[in-house]
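# Examination of the molecular architecture
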Amino acid sequence: MSLDLDKRQRAMLREMGVRLWQPLPAMPVSLATPALPVASGVEIAINKIAVDAKFERATARFDESSRPAAVPAAPGSLQSTGLSARPAGIDQMDWSALQSAVAGCRACRLCESRRNTVFGVGPALPAQAAVAPPVDWLIVGEAPGENEDLAGEPFVGQAGKLLDNMLQAMKLQRGEAGVAASPAGAAMSNRVFITNVLKCRPPANRNPEPAEMAQCEPYLKRQIELLQPKVILALGRFAAQSLLQASVPDVQKIPLGKLRGRVHRYLGVPVVVSYHPAYLLRSLPDKAKAWDDLCLAMDQIRS
Ligand code: URA
């Protein structure tokens, strides 16, 4: 895609953190070839290549020839629906077992339409690591959307760009540890893990259903037990409801705005509630309130 943007528009996009990229050449693109440098056109083109590559790798896992032969299911059994019970012992699993359990989960109908499960993204670990990465921040969103379902990574679409900008404003970044130092010069707590309440995409990006949230809840709980973050940032009402259901009576009846501005707890970890970035994209005035929430979360880390 190519856009005719004038100088002022380019400056504004740069200001909003939207990077500009050169359109891809018409020749076939080797996946081993790095992205070309900046000129014009939008980042989406590059994202699509990355997503297509990941999608190819992900779908390669479902090569029919490598699948075990199907066992016929008894009519009326759970298996006959194509679903199966969640694996037992999630609360004892190590990090690698938990990742495998999520990747193979068929406990609700979302498994039928998903392309990838979305476990979360954080500091790099060796493959099959049993121990979770040490993190300071855990950011919990709602559920993967289309881009996340394709990429197998949370918050890679427009809402994700805003989330990355919000992190950047705190001198944090997804994946690797940030580079920030506190004013006193001491290293700041800057390791971030990002995940969602649901690990599979709801079709057509509809809201998560209570039964789906209940099925996925043990995975998030175990992630939190293993990650032991210093603070949890719950983005949007579904994250807030999932994390506060045990501590805030009738939480599903309370408007999100009333859950903000104070520190809740989940398994002893401070929880700060804020607006979902997708909502903030539509409601600019609430960005200032979201910044207050980030400051409250930063205070938890500092204290
Ligand atoms: N919205 C979410 O809540 N999570 C994602 O991963 C993407 C969009």
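What you see is a predicted model, and the numbers here were worked out from it, not measured in a lab. The residue numbers shown here count from 1 along each chain, following its written sequence. Residues qualify for local features only when their pLDDT is at least 70, as the model is predicted, and side-chain atom pairs are given and counted only at 80 or more; totals for whole chains, interfaces and linings, by contrast, use all residues. Excluded from the side-chain calculation are hydrogens and water; included are all heavy atoms of the structure.

The subject of this paragraph is the overall build of the chain. Under the scheme used here, helices are H or I runs from DSSP no shorter than 4 residues and strands are E runs no shorter than 2 residues, and both carry numbers assigned from the N terminus. Scanning the chain from N- to C-terminus turns up 11 helices and five strands. For every residue, the accessible area (1.4 Å probe, protein chains only) is compared with the maximum for its type, and the residue is labelled buried under 20%, exposed over 50%, or partly exposed between those bounds. For the chain, the proportion of its 303 residues judged to be buried stands at 44%. In the chain, once contacts between residues fewer than 6 apart in sequence are set aside, the share between residues at least 24 apart is 66%. Only carbon and sulfur atoms are counted for the fraction: they give 57% of the accessible area of the chain, which is about 16300 Å². Contacts are assigned to residue pairs that have any heavy atoms within 4.5 Å of one another. Here, Shrake-Rupley sampling with a 1.4 Å probe gives the accessible areas, and only protein chains in the shown set may cover a residue.

For the rest of this paragraph, the subject is empty space enclosed by the protein. Rolled over the atoms, a probe as big as a water molecule pinpoints where empty space is left. A 1.4 Å probe that fits into a set of points on a 1 Å grid over the protein atoms alone but cannot get out defines a cavity; an open set with protein on both sides within 12 Å along at least five of seven lines defines a pocket, and lining residues are those with an atom within 4 Å of a point. Grid points are joined across faces, edges and corners, and a volume is the space filled by probe spheres set on the points. With the rule as written, the count across this model stands at one cavity of 30 Å³ or more. Within this model, the largest cavity holds a volume of roughly 110 Å³. Lining the largest cavity are 16 residues, and of these Cys105, Cys108, Arg114, Cys200 and Cys216 sit closest to its centre. Every element with two or more residues in the lining of the largest cavity is listed here: helix H4 (110–113) and helix H7 (210–227). Top element by residues in the lining of the largest cavity is H7. It accounts for four residues. Note that Gly is not counted as nonpolar here; it falls among the polar residues with everything else outside the nonpolar set of Ala, Val, Leu, Ile, Met, Phe, Trp, Tyr, Cys and Pro and the charged set of Asp, Glu, Lys and Arg. Considered class by class, the residues forming the lining of the largest cavity number 10 nonpolar, two polar and four charged.

What follows deals with the side chain of Asp136. Tracing the sequence through the fold places Asp136 in the loop between H4 and strand E1 (137–141). Not counting residues up to four positions away in its chain, the partners in contact with Asp136 are Ser189, Asn190, Arg191, Pro229, Lys230, Val231 and Ile301.

Before going further, it helps to examine the sheet that holds strand E5 (residues 269–274). In this analysis, strands are considered paired if DSSP registers two or more bridges between them. With mixed pairing, the five strands of this open sheet are ordered in space as E2-E1-E3-E5-E4. A strand with exactly one partner marks an edge of an open sheet, and here the two such strands are strand E2 (192–196) and strand E4 (264–266). Direction aside, neighbouring strands of the sheet carry axes that sit 30° apart on average. Orientation is described by axes fitted as lines to C-alpha atoms, over the contacting stretch for helices, and by angles from 0 to 180 degrees between their N-to-C directions. Along the sheet, H7 contacts E1, E2, strand E3 (231–235), E4 and E5; its crossing angle with E2, the most-contacted strand, is approximately 170°. This element, helix H8 (residues 237–244), spans E1, E3, E4 and E5 of the sheet and lies at about 135° to E3.

Time to look at the site of the ligand. Taken together, Gly141, Glu142, Ala143, Glu148, Pro154, Phe155, Asn196 and His276 make up the full set of residues near the ligand. Polar contacts, as counted here, are pairs of nitrogen or oxygen atoms within 3.5 Å of one another; within protein the pair requires one atom able to donate a hydrogen and one able to accept it, and residues that are adjacent in sequence qualify only if both atoms are side-chain atoms. Between a nitrogen atom of the ligand and a side-chain N or O atom of Asn196, the distance comes to 2.8 Å. The contact in question runs from an oxygen atom of the ligand to an N or O atom on the side chain of His276, over 2.6 Å. Relative to its unbound accessible area of 240 Å², the ligand is 91% covered by the protein chains. For this purpose, a residue is taken to be near a molecule or strand whenever a single non-hydrogen atom of the residue falls within 4 Å of it.

To continue, consider the environment of Trp137. Positionally, Trp137 belongs in strand E1. Separated by 35 residues in the primary sequence, Trp137 and Leu172 place their C-alpha atoms 9.5 Å from one another.

E3 sits mainly inside the fold: five of its five residues count as buried. Sheet analysis places E1 next to E3, joined by four bridges and oriented parallel. Of the residues in E3, the one forming a bridge with Val140 is Ala234. Where E3 meets E5, four bridges bridge the pair, whose relative direction is parallel. Counted as the bridge partner of Leu233 is Val272 from E5.

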